[in-house]
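Structural overview
Residue-level listing of the chains:
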Amino acid sequence: MRWVRDPLLVVEGLTMRFGGLTAVRDLSFSVGRGDITALIGPNGAGKTTVFNCITGFYKPTSGLMALSTGGPVRLDEVAALASTGHRYKCVDDQIGADGVFLLERMPDFEIARRARVARTFQNIRLFSGMTVLENLIVAQHTPLMRASGWTIKGLFGAPQYRQAEAAAMKRARYWLEHIELTHRADDAAGSLPYGDQRRLEIARAMCTDPVLLCLDEPAAGLNPRESLELNTLLRTIRDHHATSILLIEHDMSVVMEISDHVVVLEYGLRISDGTPESVRNDPKVIAAYLGVDDDEVAQVEAEVGL
Amino acid sequence: MEYFVQQLINGLTLGSIYGLIAIGYTMVFGIIGMVNFAHGDVFMISAFIALILLILLTQFLGVTSIGLALLIVLVAGMFLTALWSWVIERIAYRPLAGSFRLAPLISAIGMAIFLLNFVQVTQGPRNKASPSILNNVMTIPMGNGSVTISERQALIFIVTAILLLAFWAIVQKTKLGRAQRACEQDRRMAALLGINVDRTISLTFVIGGALASVAGLMFMSYYGVVSFSDGFTPGVKAFTAAVLGGIGSLPGAVIGGLLIGLIETMWSAYFSIDYKDVAAFSILAIVLIFMPSGLLGRPDVEKV
């Protein structure tokens, strides 16, 4: 129950309306530090909308999304910060410093850089004309720029910059090995098979050194073998890196296999929240996925709160 | 034969100038998907900057070595023109970035008209003659006659080649170039990976401006005169070169520039000088019918 003891991200009363349509209604859940959290639900349940709110692509109609790096989210601290009108509070002004971040107030690139939330999309968005290695190096642009003193030191080959460059290469090599693409490092990313592109995208996101990695349907379109490779990769990330994972997934073999915590949405409402086992046996979840007999509809609707 | 070689040299010289300008068009198009119509006039301004600097140095500051003077003009001109280009992007294009697609295009046309008239008002409408420099010619005997290469032509070749190589290294090997290529392919994703997209776009304009300024200096010293209206025709030709080579492709822009220069020169040499522009644009039309994305352009193939 790490999502209660040590939450990395707390979402409280998140509501997102598009005109008359309420895509997400008063949603609350937490993401535990070091957990793989799965967000599941039938089509149109509002999963991607939640993602887009967390990563700053949408500005939520109302609600609070607090992310804390360095320690668990403390609601008193968050309330104090929320009343100041600031977007975040960090221990120092360095980009990437630990702190508390109010994601609903921050634009997308700031969430990526300051709060260190990385994401992938349902469709593949690699830089397909660049090589596999370049895709991994370009994700480390910020530390490289800082080490090069915004180009000036880099021009003269300052030792600090050389070190940063070597570190960037080392990290890129590390991920190339983990996704088993070392032999294709200099090929154009667009020429890789689909499953490799998916894993390269995750590796690229990991090169930005995120605290939270948001994956939107990472297993979509993968064959069973590629699905297994994905599971291994996600487990490696959880077990060996200080990165928590939040993922949307339809492939239950992935969800039940690897997640520590599952949140189920239907029609923008949270209908279940817990360990994979408890969710699997939850009658509401079964009803949402499989439907119910006609005579039980009224009862289930009452339970779901419609 | 020697006539052909002579025209080849002339064509390549002219083509180098077009190629340098075309890079500015193709890079800006690649990164923000906009045709920067003011780029031709930035080139024209750079020719004026080069002229003013050259006169200042040789006639008022008493710099006697022409090589030194040209080097200073080259460096200072690149800096000043890059500054113009940077300012134009900041005031005319960036505020419209969130607007509809055609807004920056209209703004670019407005900026082109502004620059043209600004120079006309401040410098006067007449042609300005530049001091005659680097007039010595090398004569290479060939066949029954000989081929001549002027120092100016040699200079244009060498400087263009060096700059293109340096520029190629920047785009291919440095992190700035990497950021730029990433922005070209997916701006939003690049921003999410920590790249400062606005700064990268500024940098693109700065590089484009700097290369145009080299073209401006070459143009000024090659033709010996500059006028406020000189931005238009070379600008359109360079844009044509960028389209011919495949817009968005850097080697394409250079090859396109050289081709346009060659077509124009060869047509003037063997047929009629009046129709040289018609020839250049006709070849563009024919190429685009058979290769719609240009010579080196990447066609947008959707993988399904």
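Residues numbered from 1 in each chain as written. Chains lettered and ligands numbered in written order. Predicted model: local features only at pLDDT ≥ 70, side-chain atom pairs only at ≥ 80, totals over all residues.

Right, let's talk about the nonpolar core for a bit. The biggest cluster of nonpolar side chains holds 171 residues, and the ones touching the most others in it are A:Leu212 and B:Ala215. With 13 residues, helix α8 (residues 197-223) of chain B is the single largest residue contributor to this core. Discounting chain neighbours no more than four positions away, the residues touching B:Ala215 are B:Ile17, B:Leu20, B:Ile21 and B:Phe43. (Core = buried A, V, L, I, M, F, W, Y, C linked by C-beta atoms within 7 Å. Buried ≥ 20, exposed ≤ 12 C-beta atoms within 10 Å, placed from the backbone. Helix = DSSP H or I, 4+ residues; strand = E, 2+ residues; numbered from the N terminus. Contact = placed C-beta atoms within 7 Å.)

Residues and elements named next belong to chain B. What UniProt calls "transmembrane region" (unreviewed entry) maps, in this numbering, to residues 12-35, 42-62, 68-88, 100-119, 154-171, 203-226, 238-263 and 275-296. Overall, residues 42-62 shows 90% helix and 0% strand. The separation of its end C-alpha atoms is 28 Å. Note that residues 275-296 is 68% helix and 0% strand, and that its end C-alpha atoms are spaced 27 Å apart. (UniProt positions renumbered as here; feature names shortened; annotations may be inferred.)

This paragraph deals with helix α9 (residues 194-207) of chain A. Residue and element names in this part refer to chain A. Helix length check: α9, at 14 residues, gives a terminal C-alpha distance of 20 Å against a target of 20 Å (1.5 Å per residue), a fit within 8%. Burial analysis of α9 places 10 of its 14 residues in the buried class, which makes it a mostly covered element. Along α9, the residues that are buried comprise Arg-198, Arg-199, Leu-200, Glu-201, Ile-202, Ala-203, Arg-204, Ala-205, Met-206 and Cys-207. Buried residues along α9 sit in contact with β7 (117-119), α5 (132-138), α8 (159-178), β8 (212-216) and α10 (224-240). At the C-terminal side of α9, Asp-209 shows a positive phi close to 60 degrees. (Expected span 1.5 Å × (residues − 1).)

As a further point, take the interface of chain A and chain B. Tallying the contact residues gives 20 residues for chain A and 14 residues for chain B. Elements represented by at least two residues in the side of chain A that touches chain B include exactly α4 (108-113), α5 and α6 (141-147) of chain A. Here the residues of the side of chain A that touches chain B are counted per class, giving nine nonpolar, six polar and five charged. (Nonpolar A, V, L, I, M, F, W, Y, C, P; charged D, E, K, R; others polar.)

On to the domain arrangement of chain A. Residues and elements named next belong to chain A. Annotation of chain A at the domain level lists domain 1 (2-116 + 209-304) and domain 2 (126-208). Taken together, the 16 residues of domain 1 in the interface contact 11 residues of domain 2. Here the side of domain 1 that touches domain 2 gets six residues from one element, more than from any other, and that element is α10. (Domains from an automatic or database assignment.)

Residues and elements named next belong to chain A. With six of six residues buried, strand β10 (residues 261-266) is to be regarded as a mostly interior element. What you see with β10 is no split at all: His-261, Val-263 and Leu-265 on one side and Val-262, Val-264 and Glu-266 on the other are buried throughout. Here five bridges tie β10 to strand β11 (residues 269-274), and the two strands are oriented antiparallel to one another. What sits directly across from Leu-265, in β11, is Arg-270. With antiparallel pairing between neighbouring strands as the criterion, β10 and β11 make up a hairpin whose turn holds two residues, including Tyr-267 at a positive phi of roughly 50 degrees. (Pairing = 2+ DSSP bridges.)

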